[in-house]
Amino acid sequence: MQLREVALRLGAEELVRPATPDVEIRSAAAADLLSDILATGKDEFVILTGLVSPQVIRTAQVVGALAIFLVRGKHPTQEMIGLAQAHGIPLYTTPLALFESCVRLAPLVEER
Amino acid sequence: MSVIGAANGFSVAHELVYTLKVRDAMQKDLVTVTPGTTLREVQGLLREHRISGTPVLENDLLVGIVSLEDIINALDHGHIEESVGRWMTREVVTIQENMPLRRAVEFFQRYQYGRLPVVDAEGRLCGILTQADIVVRLMLELNRMAEEAARRETELLAQAGAATTSGPAVTMEFSVNAGDFDNAGIASARIKSALQERGVDLKVARRAAIATYEAETNIIIHSIGGSVKAQIDADRITIEAADWGPGIEDVERALRPGFSTASELVRAMGFGAGMGLPNIQKCADRFRIESTPGTGTRLHVEIDFDSTTSDGGE
Ligand SMILES: Nc1ncnc2c1ncn2[C@@H]1O[C@H](COP(=O)(O)OP(=O)(O)O)[C@@H](O)[C@H]1O
Ligand SMILES: [Mg+2]
């Protein structure tokens, strides 16, 4: 599933534009704790999280996540937006809850 | 104004309407007329400058305001050739330039005007403010804040951990301060990009970055301060994270997945899953931890460039 399609399925608002919206996404890491995201061991994945902190951006950079989706309509701080821009990590916010977001993205797993 | 008034998630904008002043948002290039100007001339001016109203000045004093609505009425009732003085609105609500924008938002909510003339301390007209001006100013300010953060981050990444090269080995050192969450992840980002620049396998670089990040955050959260050192050799990276205390009493317990002494506050920031040390171990080809209560903790991590260890898997 392409990143743009993931965003569409989540009804997400784009806050930091992806350089490559057609990049292929094969999985997602859903967690509110940074260590859990760091432990994912996944590739070509996006982060779904309710955690609003600049550390989410640095964590995404460390694990090489392809995008971050904030759930429950949470809005990032301007600092987070700036960090995401600096690291070139696309950032979105979706009104959906974490579980609901996962359900919508289930095809990511089934398609494999 | 709904953009500011209604949105709960817009706390930054909320704060900004208190700190920014009316003068920061107002338009300073003014189109003004005098009472002697004809409404026909005003019509032309409004069209030319794409505005919906203009203040009326007499001897530099604000005596009224004339709007598109007045022009439409004049066309309707056939007095478009008459002068402004007779048809302008005389009771003009103005706002002081040094008021917080929040006041202007209130004004716009209270009165149904599209624009507010702005006056200085002496009551002289110095600008004009519309709701759109406020929105534009807020958007610009928000962008500026994000750009500022992006610039700071790029600078941090460029400056942190000055590398020294001796033969094939590169050494980088980062000091890590207690409680300094703002800088958590800088060492790991630098180390990751240094490895990628060397053409090290992305998965290996990622494991080094994860281990470094967890080590950094442990020093920030649990210690009184320390440092992270990385040495990149031809075939491996060695990461040493050391701090000056307080040390760990029961190292075996600290290594247990899920064990954490992090406070609620730290947990709310997303740290303190009790998975840091286990994550580091998983990423390392060789791992050592030494800790003496009162003296400090020292982590030693080695990752081989040709290793096939994985950093995760559920
Ligand atoms: N550098 C350190 N100094 C003192 N205590 C530490 C240090 N690193 C880890 N610890 C202790 O080990 C525990 C487990 O660490 P870790 O696995 O990283 O989980 P977390 O950091 O999420 O609590 C910590 O909660 C803390 O009590
Ligand atoms: Mg930790």
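Here the residue index of a chain counts from 1 through its sequence in written order. Think of it this way: whatever chain is written first is A, whatever ligand is written first is 1, and the rest follow in order. Whole-chain, interface and lining totals are the exception, using all residues; otherwise, since this is a predicted model, local features are given only for residues with pLDDT of at least 70 and side-chain atom pairs are given and counted only at 80 or more. Side-chain figures throughout are based on the complete set of non-hydrogen atoms in the structure, without hydrogens or water.

Trainee: What is the right way to read the pattern of salt bridges from this model?
Mentor: Residues and elements named next belong to chain B. By convention in these notes, a salt bridge is any Lys or Arg side-chain nitrogen within 4 Å of a carboxyl oxygen on Asp or Glu. Inspection of the entire model under this criterion finds 26 salt bridges over all chains. Across the pair Glu-81 and Arg-40 runs a salt bridge whose closest N-O atoms are separated by 2.9 Å. Taken as a pair, Glu-81 in the loop between helix H5 (68-77) and helix H6 (84-87) and Arg-40 in helix H4 (residues 39-49) lie far apart in primary sequence, 41 residues in all. Relative accessibility thresholds used throughout: buried, under 20% of the residue-type maximum; exposed, over 50%; partly exposed, between the two (1.4 Å probe, protein chains only). On the accessibility criterion, Glu-81 (51% relative accessible area) is exposed. Here the residues in one salt-bridge network are Asp-235, Arg-236, Arg-286, Glu-302 and Asp-304, joined through shared partners. By definition, any uninterrupted DSSP run of H or I lasting at least four residues is a helix, any uninterrupted run of E lasting at least two residues is a strand, and each is numbered from the N terminus.

Trainee: Looking at this structure, how should I read the nonpolar core?
Mentor: Nonpolar side chains tend toward joint burial in soluble globular proteins. With 69 residues, the main nonpolar core has Val-63 and Ile-68 of chain A together with Leu-195 and Ile-237 of chain B as its most contacted residues. Any two residues whose heavy atoms approach within 4.5 Å at even a single point are treated as in contact. For Ile-237 of chain B, the residues in contact, after removing those within four places along its chain, are Ile-191, Leu-195, Ala-208, Ala-230, Gln-231, Ile-232, Val-301, Glu-302, Ile-303 and Phe-305 of chain B. Membership of the second largest hydrophobic core comes to 20 residues, among which are Leu-16, Ala-25, Phe-108 and Leu-129 of chain B. In this text, buried Ala, Val, Leu, Ile, Met, Phe, Trp, Tyr and Cys residues form a nonpolar core when linked through side-chain atoms within 4.5 Å.

Trainee: Sorry, what's going on with helix H4 (residues 78-87) of chain A here?
Mentor: Residues that lie three or four places apart on an α-helix share one face, since the helix turns once every 3.6 residues. Counted residue by residue, H4 of chain A has seven buried out of 10 residues, so it is predominantly covered. Taken residue by residue, H4 of chain A has Gln-78, Met-80, Ile-81, Gly-82, Leu-83, Ala-84 and His-87 of chain A as its buried positions. Contact partners of the buried residues in H4 of chain A: strand E1 (13-16), helix H3 (54-63), strand E4 (67-70) and strand E5 (91-93) of chain A together with helix H2 (11-19) and helix H8 (131-159) of chain B.

Trainee: For this particular structure, what's the right way to read the domain arrangement of chain B?
Mentor: Bring the parts together and some accessible area is lost; that lost area is often taken as the interface size. Domains assigned within chain B are domain 1 (12-133) and domain 2 (163-304). With centres defined by C-alpha atoms, the gap from domain 1 of chain B to domain 2 of chain B works out at 60 Å. As annotated, the domain borders come from an automatic or database domain assignment.

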